[in-house]
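Now for the letters of each chain:
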Amino acid sequence: MAGQLKSVGELLAETWEEYKVRGLPILGVMLLSSVLVLLAIVLAGITLVLLMGGPAPLMAQIESGRIPLPFLLPLMAVLFLAMSLCIFWGQSAVLAVTVDKDIGIIRALGVGWRRMWSLAWILLLAGGIVMTGSLLIVPGLIFSVWFAFAAFILYGEDRRGLDALFASRACVRGHFWNTLFKLFIIWLISILISLVPLVGQVLSFLFVPFVLLFMKAMYRDLKEQREDDAIRGSRVLWGGLAAIGIMLPALGLVGAAVSLAPQWSELVRQMRQGHTAMIQQHRNRPRRHVPAGRQEGRAVQRPLPVQPLPGQAVWRDPVGDVAAAGLSRWLDIRSVAAMGREDSLLIDVRLANPVVAFFNAAAASSNSFSPLMTLYLDTDVDRQTGGTAAGSSGRGGYDRAVEVVLEADPATAARGRVHVSTYRLEGRQRVSLGTLPEGGVSLNSHGIRLRLPYALLGLERGGRLRICYREYGQEQGGGLVKDSLITLP
């Protein structure tokens, strides 16, 4: 032994003198590494927005909870790896500039990049061993103190993997309680600083270099007392403990999955119900009015009011009831309103997702067409005449059917057309009455508006109309909504 270890007061004084010289470069590397992590997050976010076709389609998918897993999971994996890379690089650079007083910020980044994977391996091994020891609590605490200086040894002595752990343990051997006390003191000071009102977080950030320099001073003091022939250990034993600790989280997930398997379907059902209720609450919140603009060269008309008025029918369709696969997931109807006005039947359809989201998805797929809905009209209000509407209920008496189909333009992203076909129903047969002219269809950001002339449908002013519709992509049975009876003005 070369002598006695320095006291806490001596180490604090020595650290303060070094902090005044090295604190600023360490803070500079910390700030730069934080910028790297932030940059990785921003680039990942921009990539996600671009892949989804823009901010509006992305927000619609997030709100509806229908971002496809085959797309989301790889993207999240790439984001996690990119963030982990930047975090380890930053930590490595901070340790490099802390241990070596002769390097600056730029050189610290280079050293940090070269030593990054070695640091990650040491942290993985130490974390696995401590995790295994934590099963019995006390061994976990002992291992944490033993291996507290392994990262400093990597940069100070170029020892890697288990060798760095063994060297750290050799430093602490014979000084365990002294080392634990000093680590507790610096940890306690950090906690007290973070509790300072208003400026606690800022002071904590400024105190991080002091903590690193204090541990560096402890490492140098312990190294002087270390006997080099004590740097040894069983690689099989410690490697096995590390492997067990690394596998524990995965084994915990498997155990949780096995124990929850019998209740999985019920948990999924409750999660879907809760998510749907949250979406409905969000959708029903009052929103600030946005003036109508223009889209695709046509005036965007204001949607019909969602509260029923005389001569109007309104249906509120559950959000999230369409099939999750295929293009139909983009065409989730939120509400439908029907009203007679100026010798025309106006149909206002509001969607849960922006219309542009469907056009983007359809343009990238092999099938650019997708039906949205079919309206069924009973013009003479006689359930014994006319035909039968398609759907699980099989209701009859309808005279007319109006089918709405959306088509994306593969050559132009975020654009498309709406095709509206009308039919006369005779039993279960359909007789075409032609298509609605393009001027009878208008698009807005979250919906479609149809203007169907009375003459095309065989309607008259003052007459009554029984009307319902079927949502094409509806997952729960694909049935008809409840009939509404209105008087045409």
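You'll find the structure just up there.
Rules and cut-offs
Residues numbered from 1 in each chain as written. Predicted model: local features only at pLDDT ≥ 70, side-chain atom pairs only at ≥ 80, totals over all residues. Heavy atoms only, no water. Axes fitted to C-alpha atoms, helices over the stretch in contact; angles between N-to-C directions. Helix = DSSP H or I, 4+ residues; strand = E, 2+ residues; numbered from the N terminus. Parallel < 35°, antiparallel > 145°, perpendicular 65-115°, else oblique. Contact = heavy atoms within 4.5 Å. Core = buried A, V, L, I, M, F, W, Y, C linked by side-chain atoms within 4.5 Å. Buried < 20%, exposed > 50% of the residue type's maximum accessible area, 1.4 Å probe, protein only. Patch = residues over 30% accessible without salt bridge, like charges linked within 9 Å, V, L, I, M, F, W, Y side chains within 5 Å. Areas by Shrake-Rupley, 256 points an atom, 1.4 Å probe, with all protein chains shown as cover. Salt bridge = Lys/Arg side-chain N within 4 Å of Asp/Glu carboxyl O. Pairing = 2+ DSSP bridges.

Chemist: Teacher, can you tell me more about the packing of helix 5 (residues 138–146) against helix 8 (residues 176–194) here?
Modeler: Helix-helix packing is described using two parameters, namely the angle between the two axes and the distance between the axes. Direction vectors running N to C along helix 5 and helix 8 enclose 85°, while the axes themselves pass 10 Å from each other. Here helix 8 runs roughly perpendicular to helix 5, going by the angle between their axes. Together, Leu141, Ile142, Val145 and Trp146 of helix 5 and Phe176, Thr179, Leu180 and Leu183 of helix 8 make up the contact between the two elements.

Chemist: Explanation requested: the nonpolar core in the structure shown.
Modeler: In globular proteins that are soluble, nonpolar side chains generally tend to be buried together. Grouped together as the largest cluster of nonpolar side chains are 61 residues, with contacts concentrated most on Ile129, Leu165 and Trp238. Per-element accounting of this core gives the leading share, eleven residues, to helix 9 (residues 200–225). Excluding its chain neighbours within four sequence positions, the residues that come into contact with Ile129 are Phe143, Phe147, Leu165, Trp238, Leu241 and Ala242. In this structure, Val402, Val404, Leu452 and Leu488 belong to the second largest nonpolar core, which totals 51 residues.

Chemist: Just checking my understanding: could you explain a nonpolar patch on the surface for this structure?
Modeler: There is a patch of nonpolar side chains on the surface, built from Leu31, Val196, Leu198, Val199, Val202, Leu203, Phe205 and Leu206 and spanning about 700 Å² of accessible area. When residues of the nonpolar patch are assigned to their parent elements, the largest contribution, four residues, is made by helix 9. Looking at the element boundaries, Phe205 is found in helix 9.

Chemist: What am I meant to see in the sheet that holds strand 13 (residues 447–453) here?
Modeler: Two pairing modes exist for strands in a sheet, parallel and antiparallel, and in both the strands are linked by backbone hydrogen bonds. Across the sheet, which stays open at both edges, the five strands sit in the order 3-4-5-13-12 with antiparallel pairing between neighbours. Each having just a single partner strand, strand 3 (312–316) and strand 12 (441–444) make up the two edges of the open sheet. Within this sheet the neighbouring strands show an average axis-to-axis angle of 10°, counted without direction. One ladder, built from four bridges, connects strand 12 with strand 13; its direction is antiparallel. Bridge pairing in strand 13 links Ser442 to Arg449.

Chemist: Please clarify how unusual backbone geometry should be interpreted in this entry.
Modeler: Note: most residues except glycine have negative phi, and most peptide bonds are trans. Even without being glycine, Glu342 reaches a positive phi, approximately 50°. Among the structural elements, Glu342 can be located in the loop between strand 4 (333–341) and strand 5 (344–351). Look at Glu342 and you get exposed, because its relative accessible area is 59%. Even without being a glycine, Asp343 presents a positive backbone phi close to 60°. Inspection of the secondary structure puts Asp343 in the loop between strand 4 and strand 5. We classify Asp343 as partly exposed; its relative accessible area is 38%.

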